[in-house]
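Chain and residue survey
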Amino acid sequence: MADWTTISSLATAGGTLVLAFATFAAVRSGNRSARLAERALLVGLRPVFVPSREQDPGEEVYFGDEHQFRVEGGIAAVDEADGNVYMAIPLRNVGQGLGVLHGFHVMVGGRIRGDPRDLIDEFRPQQRDLYVPPGDTSYWQGAVRDNEDLFMEPARQAVRERVALTIDLLYGDHEGGQRTISRFVLTPGEGSAWGTRVIRHWALEGFDPRPF
């Protein structure tokens, strides 16, 4: 004779197990969808800086002590005047988000090894807000005026000996996240005009497309 109490208990247990599996699958799918949505949002906010193109319009760059440059598409500017070294790079934002420049680091030479994330404490904060709209152009500017400044010797050496200069730019999205370092190498041309190219990008937080 069938034990209907036992059968009923087993059926209830089986139904509960099926429901548990279904709930687990739904939660896992929901978490995956949430991660994908978050990733899509971050991609939409991420800026990526490269040198502007040759056909891009030039930019007027003004410093607080009335020194100024005009940087043309793809051509940086480096100059020493009155003991100060002035630098500017025309930029294009090829990412989808508004970019905000935070700081910079300067090294002499064009084949610098190592990870700039290890030198983050040496980066110099920008003295003014500099923004680069998505799909558009703007510029970075920096100056070294103090003889005791860590960056004075490499900047002067590059200008006086006409050798390459490496400038790492630190920037992020307009919400203060997705901080990135892009490495630009400047090579001397005529006068204050220096050619520029970007050679690599590093992410300080979140997804890093090149984590090694």
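This is a predicted model, so every value here is computed, not measured.

Our next topic: the overall build of the chain. Check the secondary structure of the chain and you find two helices and 11 strands. Ordered by position in the sequence, the α and β elements of the chain form the string α-β-β-β-β-β-β-β-β-α-β-β-β. With 212 residues in all, the chain has 41% of them scored as buried. Considering only contacts in the chain between residues 6 or more positions apart, those separated by 24 or more positions represent 64%. When the accessible surface of the chain is totalled, it reaches about 11,900 Å², and 55% of it is carbon and sulfur.

This part is about the pattern of salt bridges. In total, this model carries 11 salt bridges according to the counting rule given. Between R183 and D168 there is a salt bridge whose closest N-O contact spans 2.7 Å. One end of the pair, R183, is in strand β10 (residues 180–188); the other, D168, is in strand β9 (residues 165–173), with 15 residues separating them in the sequence. Judged by its relative accessible area of 2%, R183 falls in the buried class. The buried category is assigned to D168, whose relative accessible area is 0%. Within this structure, R53, D56 and R92 form a network of salt bridges that share partners.

What counts, and at which threshold
- Residues numbered from 1 in each chain as written.
- Predicted model: local features only at pLDDT ≥ 70, side-chain atom pairs only at ≥ 80, totals over all residues.
- Heavy atoms only, no water.
- Helix = DSSP H or I, 4+ residues; strand = E, 2+ residues; numbered from the N terminus.
- Buried < 20%, exposed > 50% of the residue type's maximum accessible area, 1.4 Å probe, protein only.
- Contact = heavy atoms within 4.5 Å.
- Areas by Shrake-Rupley, 256 points an atom, 1.4 Å probe, with all protein chains shown as cover.
- Salt bridge = Lys/Arg side-chain N within 4 Å of Asp/Glu carboxyl O.

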